[in-house]
Amino acid sequence: MKTTDKDHAALANEFNKDAPRVDWHDETLWWVRQKRDNAVKKIPGWEELREAGSQIKNNVLANLSGYLKQFEANAQANGVHVHWAIDAKEHNEIVLELLQSNGVKKIVKSKSMLTEECNLNEYLNLNGVDVIDTDLGEFIVQLANEHPSHIVLPCIHKKKEEIGELFHQHLGTPAGNADPVFLTETARRHLRETFLTRKAALTGVNFAVAETGEFVVCTNEGNADMGAHLADIHIASMGIEKIIPKRKHLGVFLRVLARSATGQPVTTYSSHFKTPRPGASTHIVIVDNGRSKQLGREDFRNSLKCIRCGACMNTCPVYRRSGGHSYNNAIAGPIGSILAPNLDMKKHADLPFASTLCGSCTNVCPVKIDIHDQLYKWRQVIVKSGHAPVAKKAAMGAMTRVLSSPVSYKVAGKLGRLMMKRAPFAVNNQFNPWYKQRELPVVPENSFGEWYKKNRNNKPKDI
Amino acid sequence: MSSRNKILTAVAENQPRTAPFPEFEFLDAECIYLSETFINVLTGIGGTVIPVETMIEIQNYILQNFNQGPRTVTNIPALNNVAELMHQSSTSPHALSDVDYAVIDTRLAVAENGAVWVTEKGLSDRALPFICQHLAVVLNAGDIVSNMHAAYEVINADDYGYGTFIAGPSKTADIEQSLVLGAHGPKSMTVFLMM
């Protein structure tokens with residue numbers, strides 16, 4: 001998913017034009033981060049749980065081919081059809097073929113970031129299949145003809161007044177009514193009719209258990225279950241990394257997932273699908289789409305441990321103040337910035353630079369992914385591969401020359417101080433990114449080098 | 001080569017050498033206030049807990065309080081005088097779309113997160129606990145375990161085609177993080193806690 005050629009900085013600039021809105025976005029996400037902190041503090045042994053989650057996922061990555069085969073065999077023994085898709089295109093074709101061969105023209109879908117990554121909705125629409133996203137946040141962004149800006153909170157960038165207006169236009173609610181209770185009830189009634197009339201339901205997968213062949217889907221709204229239990233065909237799309245070895249490991253992941261995501265003790269529904277409902281069929285589509293390649297990148301393979309809780313986004317100072325859409329990728333924020341360059345390094349070369357490397361993402365990650373280290377490593381890979389932006393390359397080249405020679409360093413320092421003193425407009429202008437939203441400091445009379453030279457002569461030498 | 005084999009070959013080639021199978025122990029044997037914790041947590045996430053001692057108390061509660069709509073169904077034979085008794089897979093799930101109250105039972109609940117474990121064995125249909133407007137669950141206090149690790153110890157002794165943890169009424173906070181109960185599933189969840 002890439003809808004514009006603008007990079008993160010340019011899109012963040014657009015987002016930043018509305019300062020009160022940026023503050024609101026920032027504060028809302030920080031509030032979610034605080035809820036996470038409260039939930040985490042309430043249970044004993046949180047750090048041990050993170051360590052267990054991390055180790056289980058390490059074990060998964062080291063044995064993934066075997067676990068995938070075990071999962072496939074057990075799922076098939078449970079009466080579930082298993083399909084394999086090497087990329088997004090094949091995934092979309094498999095889903096379309098399943099729908100067409102069953103004469104299905106309308107489906108309901110619950111949240112699946114994988115189908116966002118594959119652009120499934122657009123593909124199905126082009127092929128005459130109507131898709132309704134049933135997660136309220138996704139339903140709202142679908143009405144607005146947008147993509148989710150957050151993996152857990154898809155319409156976190158929207159104000160309730162805008163949502164009220166969308167409902168007024170599309171669902172005929174009274175103009176100006178922006179009451180969340182009223183709007184939710186409207187969507188509930190509208191989508192209930194939809195659930196009752198759709199023959200196929202598509203869901204994502206949170207965890208797939210190799211030992212038993214079952215898969216688990218977590219929602220708060222109950223939309224995945226409403227879709228799957230009322231449809232004749234349930235299609236579940238999963239990335240290859242969703243595998244966990246044993247059912248008992250769900251105990252670890254279900255304890256950390258919702259607490260990390262929203263601060264809830266657990267999602268309202270954690271549904272375990274093992275066999276199809278009598279009279280209905282279940283299909284699982286297992287998707288690679290670049291994941292096996294990421295598995296081979298030693299520095300970046302840990303990104304595949306991600307359980308999509310969104311905690312790294314809620315805590316990220318850059319995400320909170322630039323918004324999910326500025327990342328221009330199905331998965332935004334810190335984790336999206338280490339997943340995206342694997343898919344297309346050139347296209348997503350800007351994302352690893354959209355970080356302060358403060359490390360807060362790494363600290364909150366429930367499976368201990370070294371997110372900020374990977375962002376730093378991606379920057380090096382991107383620059384060495386020649387994908388860094390021209391301006392950044394030129395600036396870095398100039399810095400290298402200045403800093404590698406003491407003479408040019410001293411001269412440059414003098415010139416800089418002189419210029420800031422005599423011609424401040426040369427640096428205090430809109431072309432200097434360091435001048436944006438801040439005043440430059442008062443210029444010192446001399447450099448530290450000059451000050452030291454002058455002052456050390458006044459002091460005894462042997463202290 | 002099929003996509004399956006291409007993927008499995010690429011994964012086998014690229015996966016790291018070894019990582020030990022993790023062993024851990026999180027069974028929280030210390031927790032002695034299971035019922036109190038369960039009640040506090042479930043109430044905190046929007047559920048209601050009614051402590052009871054007999055089925056007659058549950059019947060009376062249903063008669064007095066479940067009056068927001070005409071159709072109340074149950075899978076518990078002892079409640080058949082106050083609710084319509086459902087039979088295993090007797091109807092299509094669509095026939096449940098007008099259910100106002102569903103009263104079901106559970107044999108497992110988790111104190112730390114307020115969730116009850118429900119499998120299709122006890123349900124007439126998988127859709128029942130989602131499509132009803134209000135959900136009620138009968139739980140024996142002795143069936144509450146401390147945390148999810150303990151829960152999976154119990155679950156692993158059984159088999160199911162479908163099972164789900166349900167923790168409170170369905171909810172959403174997608175509109176400006178305002179919590180609203182009753183997204184697509186039940187608007188309320190009542191647990192009759194048999195002491």
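Calculation criteria
Residues numbered from 1 in each chain as written. Chains lettered and ligands numbered in written order. Predicted model: local features only at pLDDT ≥ 70, side-chain atom pairs only at ≥ 80, totals over all residues. Heavy atoms only, no water. Helix = DSSP H or I, 4+ residues; strand = E, 2+ residues; numbered from the N terminus. Buried < 20%, exposed > 50% of the residue type's maximum accessible area, 1.4 Å probe, protein only. Contact = heavy atoms within 4.5 Å. Areas by Shrake-Rupley, 256 points an atom, 1.4 Å probe, with all protein chains shown as cover. Lys, Arg positive; Asp, Glu negative; His and termini not counted. Charge placed at Lys NZ, Arg CZ, Asp CG, Glu CD. Buried area = accessible area lost by both parts, 1.4 Å probe. Salt bridge = Lys/Arg side-chain N within 4 Å of Asp/Glu carboxyl O. Arc of directions from axis to C-beta. Pairing = 2+ DSSP bridges. Axes fitted to C-alpha atoms, helices over the stretch in contact; angles between N-to-C directions. Core = buried A, V, L, I, M, F, W, Y, C linked by side-chain atoms within 4.5 Å. Phe/Tyr/Trp six-rings, centres within 6.5 Å; stacked < 30°, edge-to-face > 60°. Lys NZ or Arg CZ within 6 Å of the ring centre and 35° of its normal. Parallel < 35°, antiparallel > 145°, perpendicular 65-115°, else oblique. Left-handed = near helix turned anticlockwise from the far one by under 90°. Nonpolar A, V, L, I, M, F, W, Y, C, P; charged D, E, K, R; others polar. Domains from an automatic or database assignment.

## A look at the overall build of chain B
Scanning chain B for helices and strands turns up 5 helices and 12 strands. Along the first, second and third principal axes, the C-alpha set of chain B runs to 65 × 45 × 40 Å. Considering chain B as a whole, with its 195 residues, one finds that 57% of them fall into the buried category. In chain B, of all internal contacts separated by at least 6 residues, the share reaching a separation of at least 24 is 75%. Total accessible area on chain B is roughly 8,100 Å²; 51% of this is exposed by carbon and sulfur atoms.

## Comments concerning the overall build of chain A
Looking only at helices and strands, chain A features 21 helices and 10 strands. Each principal axis of the C-alpha distribution contributes one length, and for chain A these read about 95 × 55 × 45 Å. Looking at chain A residue by residue over its 463 residues, the buried ones come to 57%. Pairs at least 24 residues apart make up 74% of the contacts formed inside chain A by residues separated by at least 6 positions. Carbon and sulfur atoms make up 55% of the accessible area of chain A, which amounts to about 19,800 Å² in all. Taking the 62 positively charged and 47 negatively charged side chains of chain A as two groups, their mean positions are separated by 8 Å.

## Remarks on the interface of chain A and chain B
Counting residues at the interface gives 94 residues for chain A, matched by 69 residues for chain B. When chain A packs against chain B, close to 6,600 Å² is buried across both sides, 61% of that on carbon and sulfur atoms. Of all residues in chain A, R188(A), R247(A) and Y269(A) bury the most surface against chain B, accounting for 11% of the area lost on that side. Scanning the region where chain A abuts chain B turns up 5 salt bridges.

## Here we look at helix α1 (residues 8-15) of chain A
Residues and elements named next belong to chain A. Residues H8, L11, A12 and F15 constitute the buried set of α1. Seen end-on, α1 carries its buried residues on one side only, within an arc spanning 100°. On its buried face, α1 sits against α2 (19-42) and α15 (317-322).

## Some remarks on the sheet that holds strand β2 (residues 106-109) of chain A
All names here are of chain A. One open sheet accounts for 6 strands, arranged β1-β10-β7-β4-β2-β3; its pairing is parallel. Unpaired on one side and paired on the other, β1 (81-85) and β3 (130-133) mark the two borders of the sheet. Across this sheet, the average inter-strand angle for adjacent strands is 25°, counted without regard to direction. Judged from the 7 bridges that link them, strand β7 (residues 233-239) and strand β10 (residues 281-287) form a sheet pairing that is parallel. Along β10, the bridge assignment pairs G239 with V287.

## Some details on the nonpolar core
One broad trend across soluble globular proteins is that nonpolar side chains are buried collectively. Among the nonpolar cores identified, the biggest contains 151 residues, and F167(A), I243(A) and F165(B) are the most heavily contacted of them. Among the elements that line this core, the one with the most residues is helix α12 (residues 250-261) of chain A, at 7 residues. Membership of the second largest hydrophobic core comes to 21 residues, among which are L114(A), I233(A), I235(A) and V285(A).

## Description of the packing of aromatic side chains
Counted under the stated rule, the structure contains 17 aromatic pairs over all chains. Note on F24(B) and F26(B): the rings are 5.4 Å apart at their centroids and 35° apart in plane angle, and the pair reads as tilted. The class for F24(B) is partly exposed, based on a relative accessible area of 22%. The exposure class assigned to F26(B) is buried, which follows from its relative accessible area of 15%. Ring-pair connections join several aromatic residues into one group, and the members of that group are Y61(B), F66(B), Y101(B) and F192(B). The aromatic ring of W31(A) is capped on one face by K35(A), whose charged end is 4.2 Å from the ring centroid. Just above the ring of F253(A) sits the side chain of K57(A); from NZ or CZ to the centre is 5.5 Å.

## Concerning the packing of α12(A) against helix α5 (residues 148-155) of chain B
It is at 8 Å that the axes of α12(A) and α5(B) come closest, and there the two elements cross at 140°. Classified by the angle between their axes, α12(A) and α5(B) sit oblique to one another. As for the relative orientation of α12(A) and α5(B), their crossing is right-handed in sense. In this structure, α12(A) uses L250(A), G251(A), V252(A), L254(A) and R255(A) to contact α5(B), whose residues at the interface are M148(B), H149(B) and Y152(B). The residue makeup of the contact of α12(A) with α5(B), split by class, is 5 nonpolar, 2 polar and 1 charged.

## With respect to the domain arrangement of chain A
What the domain assignment lists for chain A is domain 1 (8-158 + 199-293) and domain 2 (405-456). For domain 1 of chain A and domain 2 of chain A, the distance between their C-alpha centres works out to 51 Å.

## Some thoughts on the sheet that holds strand β2 (residues 72-74) of chain B
All names here are of chain B. Strand order across the open sheet formed by 6 strands is β1-β12-β7-β4-β2-β3, with parallel pairing between neighbours. Among the strands making up the open sheet, the edge pair consists of β1 (48-52) and β3 (84-85). Across 7 bridges, strand β7 (residues 134-140) lies against strand β12 (residues 188-194) in parallel orientation. For L139, the partnering residue across the bridge sits in β12 and is L193. Of the strands in this sheet, β1, β7 and β12 touch helix α2 (residues 34-44), which is tilted by about 170° from β12. Lying on the sheet, helix α3 (residues 55-65) is in contact with β1, β2, β4 (101-105), β7 and β12; it crosses β12 at an angle near 155°.

## As for the pairing of β4(B)
All names here are of chain B. In terms of burial, β4 is a largely internal element, 4 of the 5 residues being buried. When β2 meets β4, the two strands line up parallel, connected through 3 bridges. Its bridge partner lying in β4, T74 is registered against V103. Alignment of β4 against β7, held across 5 bridges, turns out to be parallel. Pairing of D105 across the sheet is with V138, part of β7.

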